[in-house]
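Coordinate analysis (summary)
What follows is each chain in one-letter form.
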Amino acid sequence: MSKPSSRQPGPGPGLIRLAIPNKGRIAQPINELIEKSGLHLADGGERRLITRTRDPNVEILFARPIDIPEYVASGVADLGITGRDMVMERGSLVEQVLDLQTGRATLVVAVPEESDIETVADLAGATVATEFPAITRSFFAEHGVAVTIVTVGGACEATPHLGIADAIVDLSSSGTTLRTNHLRVIDEVLTSTTVLVANPASLTAKREKIDELVLALESVIRAKGQCYLMMNVHRSALADVREVLPGLSGPTVMEVASDENLVAVHAVVNEERVYQLINQLKRAGAKDILVMPIERIIR
Ligand SMILES: Nc1ncnc2c1ncn2[C@@H]1O[C@H](COP(=O)(O)OP(=O)(O)OP(=O)(O)O)[C@@H](O)[C@H]1O
Ligand SMILES: O=P(O)(O)OC[C@H]1O[C@H](OP(=O)(O)OP(=O)(O)O)[C@H](O)[C@@H]1O
Ligand SMILES: [Mg+2]
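Residues numbered from 1 in each chain as written. Chains lettered and ligands numbered in written order. Predicted model: local features only at pLDDT ≥ 70, side-chain atom pairs only at ≥ 80, totals over all residues. Heavy atoms only, no water.

1. Regarding the UniProt feature "domain: ATP phosphoribosyltransferase catalytic" (unreviewed entry) in the chain
Feature annotation in UniProt places "domain: ATP phosphoribosyltransferase catalytic" (unreviewed entry) on residues 64-218, given in this structure's numbering. For residues 64-218, the helix share is 30%, the strand share is 30%, and the end-to-end C-alpha distance is 23 Å. (UniProt positions renumbered as here; feature names shortened; annotations may be inferred. Helix = DSSP H or I, 4+ residues; strand = E, 2+ residues; numbered from the N terminus.)

2. Quick look at the environment of Gly154
Mapped onto the fold, Gly154 is located in the loop between strand E8 (148-151) and strand E9 (167-172). A residue is classified by how much of its surface remains accessible, and Gly154, at 31% relative accessible area, is partly exposed. Taking C-alpha positions, Gly154 is 60 Å from Ala237, a pair spaced 83 residues apart along the chain. (Buried < 20%, exposed > 50% of the residue type's maximum accessible area, 1.4 Å probe, protein only.)

3. Thoughts on the site of ligand 2
What surrounds ligand 2 is a group of 13 residues, the closest being Arg25, Glu157, Ser173, Ser174 and Thr177. In this structure, an oxygen atom belonging to ligand 2 sits 2.8 Å away from a main-chain N or O atom of Ser173. Ser174 places a polar side-chain atom, nitrogen or oxygen, 2.5 Å from an oxygen atom of ligand 2. Considering ligand 2 on its own, with 490 Å² of exposed area, one finds that the protein chains cover 69% of that surface. Structurally, ligand 2 is housed in the largest pocket. Within the residue set of the shell around ligand 2, elements represented by two or more residues are E9 and helix H5 (176-180). By residue number, the principal contributor to the shell around ligand 2 is E9, which donates three residues. Here the residues of the shell around ligand 2 sort into two nonpolar, seven polar and four charged. (Near = heavy atom within 4 Å. Polar contact = N/O pair within 3.5 Å; in protein donor to acceptor, adjacent residues only side chain to side chain. Areas by Shrake-Rupley, 256 points an atom, 1.4 Å probe, with all protein chains shown as cover. 1 Å grid on protein atoms, 1.4 Å probe; cavity = no way out; pocket = protein on both sides within 12 Å on 5 of 7 lines; lining within 4 Å. Sits in = over half its atoms within 2 Å of the grid points. Nonpolar A, V, L, I, M, F, W, Y, C, P; charged D, E, K, R; others polar.)

Below, the structure written as structure tokens:
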């Protein structure tokens, strides 16, 4: 598909159409990101092909992750959110606008544990099964290793044991599937995350609106893993508390109207540090400590 068909016209000049996955493991996190960014899908986005959002200038198109790169490249959608692996597999002419830093998975070359294959070069003349034939073809071509590629639609890890392939090129994140199927990684092809991509023409024609949307999404990504700390501190302990607190640009210190000996200290900190920090803060003299989630950080 290179041009939008006349039966499925692209969005008009005043409208941004964003394609997102309708299923699969990255669908839910993307939906949550859209909600947190404040776009909010009309009708909850349930089972609709195209859904309106709270912003009358933005609509959502639900599609399979693998189809999204081409929908964006052809102009059926202005923007799309999908895996970077999907974009590379399709070789679509789109521009990456934002890395959403979720949905991380590594495309690996793996062989049965008992196999004597150690390197990619050892696979010369072998059969390799994959859901990613285009990426696999160029990977082996770059290594100058001739292989036969068998394309499968899923359950790739079963193919070596079925005698269909000598090796596989498949995604791995926790590594559980490889372990369960007694497969050993011999090389990595690429690491993929979920990305926001744009149609190059839309990026020029609808820049302002796209920038607004990117800002909203970015603010949610930035807030992820951060939380807001509030506490009261006796003036005499302020220096010690400051030393413990990192904060985005140092803690904010405010007067407490009801007690002139106290100040209120606020800071943004990494969630992972909170457990340790609250103990250090208490020891330094902080009290009435509140820990709150942050939805968005806009710079
Ligand atoms: N552990 C993982 N395994 C497979 N894909 C993953 C993983 N983690 C993130 N992803 C990403 O999810 C996307 C896969 O989308 P896909 O539509 O194939 O969903 P799925 O969860 O694999 O569903 P299904 O295979 O049932 O269709 C890819 O971009 C891929 O990089
Ligand atoms: O390292 P892990 O955390 O075990 O994840 C990797 C597995 O997840 C994916 O399969 P998926 O669930 O998409 O099924 P599929 O093979 O049918 O696509 C992928 O293809 C691997 O099989
Ligand atoms: Mg899959």
